[in-house]
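# Observations on the model geometry
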Amino acid sequence: MIPAAAAAAAAARHVDVAILGGGLAGLTLAIQLKRQEPGITVTVLERRAHPVREAAFKVGESTVEIGAHYFADVLGLRAHLDAAQIRKFGFRFFFSEGREDFDRTLELGVSELLPTPSWQIDRGRFENFLGQHARELGVEFLDGAVVRGFDIEENDAPHTVRYDHDASARQLTARWLVDASGRAGMVKRKRGLAESNDHDVNAVWWRVDGFIKPDDWSDDPAWRARCTPPERWRSTNHLCGPGYWFWMIPLASGAHSLGVVCDARAHPLETMNTHAKAMDWLRKHQPRLARELDRTQPAVQDFLFLKDFSYSCKQVFSGDRWALTGEAGLFLDPFYSPGSDFIAIGNTYICDLIAKDRAGLSFAPFAQLYQQLYFAFYENTLSLYQDQYPLFGDAQVMPVKVIWDYTFYWALLAQLYFAGRQCDIATLGRTRAAFQRGGVLNVHVQALLREWGRRNAEAGETVDIATNNMLDQSRIPWFREMNRALNDTLDADAFVERIHASVRRMEALAAEVLARARVAHPGIGGDALEAALGEAARASGESLEARWYQAA
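As the structure is a prediction and not an experimental result, all values here were calculated from the model. (Residues numbered from 1 in each chain as written. Predicted model: local features only at pLDDT ≥ 70, side-chain atom pairs only at ≥ 80, totals over all residues. Heavy atoms only, no water.)

### A short note on helix 8 (residues 275–285)
Along helix 8, the residues classified as buried are Ala278, Met279, Trp281, Leu282 and His285. For helix 8, the angular spread of buried residues about the axis comes to 160 degrees, placing them on one side. Exposed side chains of helix 8 directed beyond 90 degrees from the buried face belong to Ala276 and Lys284. (Buried < 20%, exposed > 50% of the residue type's maximum accessible area, 1.4 Å probe, protein only. Helix = DSSP H or I, 4+ residues; strand = E, 2+ residues; numbered from the N terminus. Arc of directions from axis to C-beta.)

### A look at the nonpolar core
In terms of nonpolar packing, the biggest core is built from 151 residues, with Val161 and Phe317 touching the most fellow members. Here the element with the most residues in this core is helix 12 (residues 398–418); it accounts for 16 residues. In this view, Val161 contacts Ala18, Leu20, Leu45, Val147, Gly149, Phe150, Arg170, Gln171, Leu172 and Leu177; residues no more than four positions away in its chain are not counted. In this structure, Trp206, Ile212, Leu289 and Leu293 belong to the second largest nonpolar core, which totals 24 residues. (Core = buried A, V, L, I, M, F, W, Y, C linked by side-chain atoms within 4.5 Å. Contact = heavy atoms within 4.5 Å.)

### Some details on the packing of helix 3 (residues 65–74) against helix 10 (residues 339–358)
Two elements in contact, helix 3 and helix 10, have axes separated by 7 Å at closest approach and are oriented at 55 degrees. In terms of axis orientation, helix 3 runs oblique to helix 10. For the crossing formed where helix 3 meets helix 10, the hand is left-handed. Residue-level inspection shows Ile66, Gly67, Tyr70 and Phe71 of helix 3 in contact with helix 10, the latter providing Ser340, Asp341, Ile343, Ala344, Asn347 and Thr348. (Axes fitted to C-alpha atoms, helices over the stretch in contact; angles between N-to-C directions. Parallel < 35°, antiparallel > 145°, perpendicular 65-115°, else oblique. Left-handed = near helix turned anticlockwise from the far one by under 90°.)

### Quick notes on helix 9 (residues 287–296)
Owing to its 3.6 residues per turn, the α-helix brings residues three or four apart onto one side. Turning to helix 9, its buried residues are Pro287, Arg288, Leu289, Ala290, Glu292 and Leu293. Against strand 13 (236–241), strand 14 (244–251), strand 15 (255–263) and helix 8 lie the buried residues of helix 9. Once helix 9 finishes, Gln297 follows within two positions and takes phi at roughly 50 degrees, a positive value.

### Re the sheet that holds strand 4 (residues 91–94)
Taken in spatial order, the eight strands make up an open sheet running 16-12-15-14-13-4-5-20, and their pairing is mixed. Here the strands that pair on one side only, and so sit at the sheet edges, are strand 16 (300–306) and strand 20 (470–472). For this sheet the average axis-to-axis angle between neighbouring strands, irrespective of direction, equals 15 degrees. Bridge count between strand 14 and strand 15: eight bridges; the pairing is antiparallel. In the strand pairing of strand 15, Leu251 is matched with Ala255. Helix 8 rests against strand 12 (201–209), strand 14, strand 15 and strand 16 of the sheet, and its axis sits at about 100 degrees to strand 12. (Pairing = 2+ DSSP bridges.)

### A short note on the pattern of salt bridges
Overall, the coordinates contain 49 salt bridges when judged by the stated rule. In this structure, Arg78 and Asp73 form a salt bridge, with 2.8 Å as the shortest nitrogen-oxygen distance. Overall, the relative accessible area of 31% leaves Arg78 in the partly exposed class. A salt bridge links Arg504 to Glu497, with the shortest nitrogen-to-oxygen separation between them at 2.8 Å. Given the relative accessible area of 44%, Arg504 is considered partly exposed. The exposure class of Glu497 is partly exposed, given its relative accessible area of 40%. In this structure, a network of salt bridges that share partners links the residues Arg92, Glu107, Asp215, Arg226 and Arg232. (Salt bridge = Lys/Arg side-chain N within 4 Å of Asp/Glu carboxyl O.)

In structure tokens, the structure reads:
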């Protein structure tokens, strides 16, 4: 009789790409690979049996421009998003710490949709669709498959994966091995690649039956009429306070996702790590939402939490034909919803490396270069969050920060991805100085914002937020145009000019932010930001408009 292990080895199949994990990152990578080259053989091994449960499945439900563009246009899934998910009404922020009079708090958001769309994603519904679509494209998607072990080889030898499926031990070999196993991080653990990032934050979340509609929390017709139509519930709503933000995200299956993300020093996880504790916390910090939940008593679908959820990784791409994508590699912070963005960026780099390999090109140097770029994008984005949570309850500084952060995102990284130039080495070389300049500006502005918030706190200064005021991002002409311009088709020369123009816009805005901060605190901001600003920027041609500061 042939031993079981020998029989499994003899039956091993060979594929071009084996993907460990069939969640959002793994399935979108498989679809992208098949769209890039229909003849490629791809096997996805997913532990969960499909179909999975809708709504109460995973977080990461809000998309922003890069991730939305990836799903809709790069993967060609716009029809599903429009028909089966919820079009997002932008980000929205309420500085409502401890407030019952929700409609009298300062509101930051858009009164009408911006030109470039994004969606709220029911992760269960979406991943069920992705699994089915991947199979239709010819991907071997094995749900209910448990990976038992794998060997990563060097020197052009195929990798080996051992797994259980349909109650039997199986094995395959693959030229490329991609870890998309999420926080399980199988390759990361095996190769000792885990790395901390000193961003100490926790999260608690749950899903409830039915939609929660803040528009119904007020009878004030003027307040309700600020949005066209009055559908704040479709936004990713942030209820903000010192050291935390609370999310409200509607899901197409008829549920609402609720969660709090907080600085561990300001709001210890032990104060909210059960549903009862979380509701007590909510009654203290966001009483209007708590009163709505107490009144309606919606069924709770799940309750989960994560401690110290943000992390980095030492390596994500290898010249030995393995890679990590999604949360199997690194994770930032759910504020501004960058998770799908980094899946889009990482998967696109992986697809390019595999395409180069299959074309017989030398791809190992590109693996190293792409990793440097990926980590640079990660570090620049991390600066938006790290040590910034104390600002979240500051209704004077936080609106300025949100505008700056969006501008930084749309000016550089989003432009690069929408233009399809993240692997265009020649064009990246021509824009390298501009990207570096933008990154330096962002570091200095983030430091200025932190100092501004700290001085406000030390002086006991607060903005009078009982003003029934809305800071409307869609009424800033240049801001709206930046969002629209993401969809422009540009040749290489026009793209290079666009990046340089975007950095000039960042300089102008940084100069105005510095000037505004010095109105509040004369002398704030050191020489570093001054030195980073050009003479042209000091004239400040990009105004936030005076009404943004009426509440100050």
